[in-house]
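Observations on chain architecture
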Amino acid sequence: NPDERSVLEISKKILAYFNGTPSRIEFRPLPADDPKQRRPDITKVKTIIGWEPRVPLDAGLQRTIAWFRQHPPG
């Protein structure tokens with residue numbers, strides 16, 4: 001998605017969907033090669049094949065969480 005979001009912002013959104021969970025956000029040192037900008041440039045894919053995201057972040061998270069609830073690992 002071309003919208004810039006921090007990992008912390010996305011993590012907080014995910015935790016909000018699991019209201020009441022004992023999960024928590026854990027902070028660790030960043031790897032040396034960690035990207036400083038988390039906003040991909042989708043110009044090339046948009047130009048070449050006409051693709052652009054259609055699902056907003058919140059809807060995508062809800063769908064993903066629902067899928068994993070129906071298909072637990074293991």
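For clarity, every value in this text was computed on a predicted model and none was experimentally measured.

A closer look at the overall build of the protein
Broken down by element type, the protein carries three helices and zero strands. Secondary structure elements of the protein occur, N-terminal to C-terminal, as α-α-α. Relative to a compact globule of 74 residues, whose C-alpha radius of gyration would be 11 Å, the protein shows 15 Å and is clearly more extended. Considering only C-alpha atoms, the protein reaches an extent of 45 × 35 × 25 Å along its principal axes. Per-residue burial for the protein yields a buried fraction of 5% across its 74 residues. Contacts in the protein between residues far apart in sequence, at least 24 positions, make up 63% of those at least 6 positions apart. Accessible surface, the protein: about 6600 Å² in total, of which carbon and sulfur atoms supply 55%. Looking at the protein, you have 13 positive and 9 negative side-chain charges, and the mean spots of the two groups are 4 Å apart.

Brief notes about the pattern of salt bridges
What the rule picks out here adds up to four salt bridges. The partner of R5 in a salt bridge is E9, with the nearest N and O atoms 3.1 Å apart. E52 is the partner of K46 in a salt bridge, and the nearest nitrogen-oxygen pair spans 3.6 Å. According to the relative accessible area criterion, E52 is partly exposed, its value standing at 41%.

Examining the packing of helix 1 (residues 7–17) against helix 3 (residues 57–70)
Following both chains from N to C, one finds helix 1 and helix 3 inclined at 50 degrees, their axes separated by 11 Å at the closest point. Relative to helix 3, helix 1 is oriented oblique. Note on packing geometry: the crossing formed by helix 1 with helix 3 is right-handed. On the side of helix 1, the interface is formed by I10, K13, I14 and Y17, while helix 3 contributes L57, D58, L61, Q62, I65 and R69. Looking at side-chain class alone, the contact of helix 1 with helix 3 contains six nonpolar, one polar and three charged residues.

Quick word on the environment of I14
As for its placement among the helices and strands, I14 is situated in helix 1. Placed 43 residues apart in sequence, I14 and L57 show a C-alpha to C-alpha distance of 11 Å.

Reading the values: rules and limits
Residues numbered from 1 in each chain as written. Predicted model: local features only at pLDDT ≥ 70, side-chain atom pairs only at ≥ 80, totals over all residues. Heavy atoms only, no water. Helix = DSSP H or I, 4+ residues; strand = E, 2+ residues; numbered from the N terminus. Rg over C-alpha atoms; globule rule 2.2 N^0.38 Å. Buried < 20%, exposed > 50% of the residue type's maximum accessible area, 1.4 Å probe, protein only. Contact = heavy atoms within 4.5 Å. Areas by Shrake-Rupley, 256 points an atom, 1.4 Å probe, with all protein chains shown as cover. Lys, Arg positive; Asp, Glu negative; His and termini not counted. Charge placed at Lys NZ, Arg CZ, Asp CG, Glu CD. Salt bridge = Lys/Arg side-chain N within 4 Å of Asp/Glu carboxyl O. Axes fitted to C-alpha atoms, helices over the stretch in contact; angles between N-to-C directions. Parallel < 35°, antiparallel > 145°, perpendicular 65-115°, else oblique. Left-handed = near helix turned anticlockwise from the far one by under 90°. Nonpolar A, V, L, I, M, F, W, Y, C, P; charged D, E, K, R; others polar.

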